[in-house]
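Residue-level structure breakdown
Each chain is listed here by its residues.
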Amino acid sequence: MIKVENLGKKYGNHVAVEQLSFTVKEGQIYGFLGPNGAGKTTTMNIMTGYQAATEGTVEICGYDILTQPEEAKKHIGYLPEVPPLYLDMTVSEYLLFVAELKKVPKQERKEQIREIMRMVGISDVENRLIKNLSKGYRQRIGLAQAITGYPEVIILDEPMAGLDPRQILEIRTLLGKLAGNHTILLSSHILSEVSTICDHIMIIANGRLVASDSPEGLQKLMEKTAEIEMTVSGSREKAEELLDEMEHIQSYTFEKAAEENSVKVRIFTEDSMDIRSELSVAFTGHNMPVLSMNRVEKSLEDIFLQLTETPTQKAEEQGEAEAPAHSEQERKEEAGEDDCNL
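First, a word on what this report is: a plain description of the structure on this page. (Residues numbered from 1 in each chain as written. Predicted model: local features only at pLDDT ≥ 70, side-chain atom pairs only at ≥ 80, totals over all residues. Heavy atoms only, no water.)

The tally for this structure, following the rule as stated, stands at five aromatic pairs. Centre to centre, the rings of Phe22 and Phe32 are 5.9 Å apart; their planes meet at 45°, and the pair counts as tilted. Of the two residues, Phe22 is situated in strand 2 (residues 14-24) and Phe32 in strand 3 (residues 29-33); the sequence distance between them amounts to 10 residues. The exposure class assigned to Phe22 is buried, which follows from its relative accessible area of 6%. Taken together, a centroid distance of 5.7 Å and an interplanar angle of 85° make the contact between Tyr252 and Phe254 edge-to-face. (Phe/Tyr/Trp six-rings, centres within 6.5 Å; stacked < 30°, edge-to-face > 60°. Helix = DSSP H or I, 4+ residues; strand = E, 2+ residues; numbered from the N terminus. Buried < 20%, exposed > 50% of the residue type's maximum accessible area, 1.4 Å probe, protein only.)

Here it is in structure tokens:
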């Protein structure tokens, strides 16, 4: 349905999109995620023919958006980040104008517009001027124009921006109904909504695709390394000694504990192993009572932040930590260096 190959876009020396390739299957909802400046809007503008690419190709329903723009655009409904509204028109006038532009048969226009206004919840303002409506209503009018003509491909850039929780729920339900008959690609910063709505999620950072999978697949990807957070009574030195003796620990990081005479440690284990029982036995057996322990479950937000984190952000986070993560090998090497210095 949508095929993007080796897409690139440069603005002078700045690379906005670099060697981007992906395929969107028919009848599914795809989420397009990334931090501000990652290249999401640029990619969508190229896919819909609003901008030209520096390199690469985009096919919509088998038509190249560059060499066959008229045919390709017949199959696209697009809601840009800023809805393309004529503020001095009423809602119904504007949507009838859009239907005419999209060459919806004249005898079908009024009935189709009535149905679309009902679907997106704007029937009650159909005779009001758009300039007098709230941002939430304007966003839904923009969505209505994207759906007008019932195109096979619907591309939505931040469709939930400006909507209240009830409106978000209504749009989520609407998109679910549209899926199957339409292929939907949407960008959003509301990560919880994307995980609920989308069949597939693509994450972009610095113009490159860094992950592409189902929400469940992304969760499993990040669970290859399990994370356990534990607070114990006792000294940090004794805790380090016990952790270094245990198997299946990749690394650990100490953090400031809230309780006095206690230490808080974040432990990373290999192959998603759950070693909470072993930790409890080891520490309590050495007179270090476990005050709290839990396995940290990664949310879509955690996955998003980890995959899109820049080297500078990583360095800053490491600098803020009380102590860097240690692996058993690193501890041995450090001990060996200390022996040599002595």
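Before going further, it helps to examine the sheet that holds strand 1 (residues 2-11). A sheet is described by the order of its strands in space; here four strands give the open sequence 2-1-4-5, paired in antiparallel fashion. The open sheet terminates on both sides in strands that have one partner only, identified here as strand 2 and strand 5 (63-64). (Pairing = 2+ DSSP bridges.)

Ranked by internal contacts, the top residues of the largest apolar core, which has 45 residues, are Val91, Ile122, Leu156, Leu175 and Leu186. Dropping the residues within four chain positions of it, Val91 is found in contact with Met117, Ile122, Val125, Glu126, Arg128, Ile130, Leu133 and Ile141. Formed by 25 residues, the second largest nonpolar core is a distinct cluster that contains Val17, Val24, Tyr30 and Ala72. (Core = buried A, V, L, I, M, F, W, Y, C linked by side-chain atoms within 4.5 Å. Contact = heavy atoms within 4.5 Å.)

Moving on, we get to helix 6 (residues 165-178). Taking 1.5 Å per residue, 14 residues should reach 20 Å; helix 6 reaches 20 Å between its end C-alpha atoms and fits that length. Of the positions making up helix 6, those classed as buried are Gln167, Ile168, Ile171, Leu174, Leu175 and Leu178. End-on view of helix 6: buried residues confined to an arc of 125°, all on one side of the axis. Away from its buried face by more than 90 degrees, helix 6 exposes Pro165, Arg166 and Lys177. Of the surrounding elements, those touching the buried residues of helix 6 are strand 3, helix 4 (106-120), helix 5 (135-147), strand 7 (153-157), strand 8 (183-187) and helix 7 (191-197). Following helix 6 by one or two positions, Gly180 has its phi on the positive side, about 105°. (Expected span 1.5 Å × (residues − 1). Arc of directions from axis to C-beta.)

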